[in-house]
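Okay, here's what each chain looks like letter by letter:
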Amino acid sequence: SGAVRWDVSVAGSARGLSVVDGRLLVSTTQGLIYCFAPPTDAPPRRVTEPLLDDPYANSQLSATFRQAAETILRRTGIRRGYCLVLGCETGQLALELAKRSELMIYVATPSAERAAIARRALDAAGIYGVRVCVDECPLEAVPYADYFANLIVSETALVTGRWPGDPREAVRMLKP
């Protein structure tokens, strides 16, 4: 009949809709996921995962990454826009840059294992998929557009002293 049978407000705008086992899942622009089910006697509840201020608390390189992020941002003056982290060991440099800037950060690594480690830690900090994403890809042919990044850094170079992949790829993606 087209009559409204049900109505509810959500934080942000609804974007993704999915139906699973008789439940409606709704993702929003605020990063929340709502689950709507047929009425029951149980009161609604909010399920949240605890966030960690520092998922790398036991890392021996924490001070190094904090100082590197501060130095990078101070010397470049870049605090907004897009940042590419070429080569990822743990994801810790991306976290420290995100804490100190408004950058949207893309991390590229050829290692599935390192990508998974970084995703878990950044998700525990509450920034994965919101401010930071981690892609597994070859560093000789990174699948990003020319001139997309305002800032390009390397966690691998910071840890090992060697630039990962082909430096021409970094130049290709850096905004003039």
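Residues numbered from 1 in each chain as written. Predicted model: local features only at pLDDT ≥ 70, side-chain atom pairs only at ≥ 80, totals over all residues. Heavy atoms only, no water.

Visitor: Go over unusual backbone geometry with me, naming the residues and quoting the values.
Guide: In this structure, Asp-21 takes a positive phi of about 50° despite not being glycine. Counting through the fold element by element, Asp-21 comes out in the loop between strand S1 (14–20) and strand S2 (23–28). (Helix = DSSP H or I, 4+ residues; strand = E, 2+ residues; numbered from the N terminus.)

Visitor: Outline the environment of Asp-21, listing residues and values.
Guide: Overall, the relative accessible area of 71% leaves Asp-21 in the exposed class. Along the backbone, Asp-21 and Ala-37 are 16 residues apart, and their C-alpha atoms lie at a distance of 9.1 Å. (Buried < 20%, exposed > 50% of the residue type's maximum accessible area, 1.4 Å probe, protein only.)

Visitor: Describe the environment of Arg-162, and please don't skip the residues or the numbers.
Guide: Position of Arg-162 among the secondary structure elements: in the loop between helix H4 (155–160) and helix H5 (167–173). What makes Arg-162 exposed here is its relative accessible area of 56%. If we ignore the near neighbours within four places in the chain, the residues touching Arg-162 are Thr-156 and Ala-157. (Contact = heavy atoms within 4.5 Å.)

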